[in-house]
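Read off the chains here:
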Amino acid sequence: MEEKLKQLKEKLAVVADLQAAAALLGWDQQTYMPPGGAEDRGHALGTLARLAHEHFTADEIGSLLGDLEPYAASLDADSDEACLIRVTRHAFDKETKVPAEKVAEFAFVTTVAQGAWEEAREKSDFSIFQPHLEKIVALRREYADYFKPYDHVYDPLLDDFERGMKTADVKAIFEQLRPLQVELLQAISERPQVDDRFLHLAYPEKDQWDFGVDVVTHFGYDWKRGRQDHSVHPFTQTVHLGDVRITTRFDPERPASMLFSTMHEAGHAMYEQGVAPRLARSPLAGGTSLAVHESQSRMWENLVGRSRAFWTFFYPKFQKVFASQVGNVSMEAFYKGINKVEPSFIRVEADEATYNLHVMLRLELEIELMEGRLAVKDLPEAWNARMRDYLGLTPPNDSLGVLQDVHWSGGMIGYFPTYALGNLISVQLWEKINQDIPDLESQIAAGRFDGLLGWLRQNVHSHGAKFGPQELVQRVTGSKIDPMPYVRYLKTKYGDIYGL
Ligand code: CO
């Protein structure tokens, strides 16, 4: 069995190497590639993806898994080996149950749909996108059917992003969360608004960059195993565990954007940098799910980066660098400004108190589409009705409404809930961290983040993808994903800022 395990690991390492090559090409595509490289880069990435898929779904992997599974059952279920075999089997089944021609059809339909979505968004005309989305929904239903029996048609889609998570769990979490968030938002809207005019001034790009670098260096982002570059949309790209890169962007209209997105991406990157090196070049070498990933990025961005403790240390530095912008702004006013709550149309610009409502709206619509209870043609109306109910706003057009996000055109149904789940997990972990490190706040106020990062490394990062999201959260906090810590956090934070 030792020999078979070794063979499996070697074959999986080849897949990991192909994925590393694709990752680097993908990173380059979004940073330095000249425009003329686009077409052939697309071919190169397509070839690498195909090769990785072929190697991973090869019959030898299937028979090695079959041989090793009885052996895995005799191992400690938490051991690297047992987890590797379990996680590989799950991914293997996912990649082999759908016929290759269906995968190709889906790739084609979504490629065409992206172009249609871009045009529809530009013209704010949903009817251009509608037939494409109808095809995508039909194909996603077919996809789900390859994984029958399921409890819910949305389960196989959700599982692509959150291994093992069920639609029923997500629904229960969000049904508990939504009325509490709507109620909080209502209470905030009745209070005087905070002033954040100082965040709408020009801040020099280089100073912003340097400040962001200083912050994430303090956090513990490892520059010997990473680097930062510019890109249109900020992202983190793991090439392999020794090379986890981040990008940021300069947005002259929103000077705080670079600062907070740098913290956000560093949060993603530190998760990957913290995976145990012994898991390298295997399916366990990375974050376990999008929600757990987002819990890390949102923790550093919001729970740390938008806290009083953090700015107790950094605000004097910030004021010195940006003297003409905030020289006369007190720390208290600054703190309130960066935490301003204001319902808006666009998800990616939403603050902490409104963000999850944007996500819940999408999740509910996705589930109804998949269940066949909502027709694609009725989607804009359903979207606008929920925007009114949850955020008190009516989008003036579809570009600011149902057409704003790229995900559906790419066929990514099941992705949105991960954003909100990440927020919830971040605060669940935070409560536990504060129990384990009672002076966490004063450490942060002194510019020390090693206690926090060390805790995350030990309890979350080092495990890589060994445990699914629910299992990981349960192991670390003692309960499954639970919205109540997040609600408590929002109520305390915004109760203080808005005097509720
Ligand atoms: Co993120």
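Sequence order sets the numbering: in each chain, residues are counted from 1 along the sequence as written. Owing to the predicted nature of the model, reporting of local features is limited to residues with pLDDT of at least 70; listing and counting of side-chain atom pairs is limited to 80 or more, with chain, interface and lining totals taken over all residues. With hydrogens and water set aside, each side-chain value is computed from the structure's full complement of heavy atoms.

1. Some points on the overall build of the protein
Every helix listed is a DSSP run of H or I at least four residues long, and every strand listed is a run of E at least two residues long, numbered separately from the N terminus. Along the backbone of the protein there are 21 helices and three strands. A radius of gyration in this sense is built from C-alpha atoms; the matching globule rule multiplies 2.2 Å by the number of residues raised to 0.38. For the protein, the C-alpha radius of gyration of 23 Å lies close to 23 Å, the compact-globule estimate for 500 residues. Overall, the protein is about 70 × 50 × 50 Å in size when its C-alpha atoms are taken along their principal axes. Partly exposed describes any residue whose relative accessible area lies between the buried limit of under 20% and the exposed limit of over 50%, with all areas from a 1.4 Å probe on protein chains only and scaled to the type maximum. With 500 residues in all, the protein has 54% of them scored as buried. At a minimum sequence separation of 6, the contacts of the protein that also span at least 24 residues come to 73%. Note on charges: Lys and Arg go in the positive column, Asp and Glu in the negative column, and His and the chain ends are not counted at all. Where a charge lies is defined by one atom per residue type, namely NZ (Lys), CZ (Arg), CG (Asp) and CD (Glu). Taking the 54 positively charged and 73 negatively charged side chains of the protein as two groups, their mean positions are separated by 2 Å. Residues count as neighbours in contact if any of their non-hydrogen atoms are within 4.5 Å of one another.

2. Structural notes on the domain arrangement of the protein
Residue ranges for the domains originate in an automatic or database domain assignment. Its domain assignment divides the protein into domain 1 (2-127) and domain 2 (167-498). The gap between the C-alpha centroids of domain 1 and domain 2 is 27 Å. With 29 residues of domain 1 at the contact, the number on the domain 2 side is 35 residues. Throughout, buried area stands for the accessible area (probe radius 1.4 Å) lost by two parts on being put together, summed over both. Between domain 1 and domain 2, roughly 2,700 Å² of surface is buried when both sides are summed, and carbon and sulfur atoms account for 61% of that area. Summed over the three residues of domain 1 that lose the most area to domain 2, namely Trp-27, Trp-117 and Phe-126, the buried surface amounts to 26% of that side. Counted as salt bridges are all cases of a side-chain nitrogen of Lys or Arg within 4 Å of a carboxyl oxygen of Asp or Glu. Scanning the region where domain 1 abuts domain 2 turns up four salt bridges. For the salt bridge of Asp-80 with Arg-278, the shortest nitrogen-to-oxygen distance reads 2.4 Å.

3. A few points about the environment of Ala-120
Its place among the elements puts Ala-120 in helix H5 (residues 100-123). Those residues in contact with Ala-120, other than ones at most four positions away along the chain, are Asp-125, Ile-128, Phe-129 and Leu-403.

4. A word on the nonpolar core
Take the buried Ala, Val, Leu, Ile, Met, Phe, Trp, Tyr and Cys residues and link them wherever side-chain atoms come within 4.5 Å; each set so joined is a nonpolar core. Counting 149 residues, the largest nonpolar core has Phe-174, Phe-219, Phe-310, Trp-311, Phe-318, Phe-334 and Ile-433 as its most contacted members. Sorting elements by how many residues they give to this core places helix H15 (residues 352-371) first, with 11 residues. For this core, the two domains that each supply at least three residues are domain 1 (2-127) and domain 2 (167-498).

5. Points about the sheet that holds strand E1 (residues 228-230)
Strand order in the open sheet formed by three strands is E1-E3-E2, and the pairing between neighbours is mixed. A strand with exactly one partner marks an edge of an open sheet, and here the two such strands are E1 and strand E2 (236-240). Mean inter-strand twist for the sheet, computed between neighbouring axes without regard to direction, equals 30 degrees. Contacts from helix H1 (residues 2-29) reach E1, E2 and strand E3 (243-248) within the one sheet, and its direction differs from that of E2 by about 145 degrees. Axis geometry follows a simple rule: fit a line to the C-alpha atoms, using only the stretch in contact for helices, then measure angles between N-to-C directions, giving values from 0 to 180 degrees. Packed on one face of the sheet, helix H9 (residues 205-219) meets E1 and E3 and runs near 150 degrees to E1. For two strands to count as paired, DSSP must find a minimum of two bridges between them.

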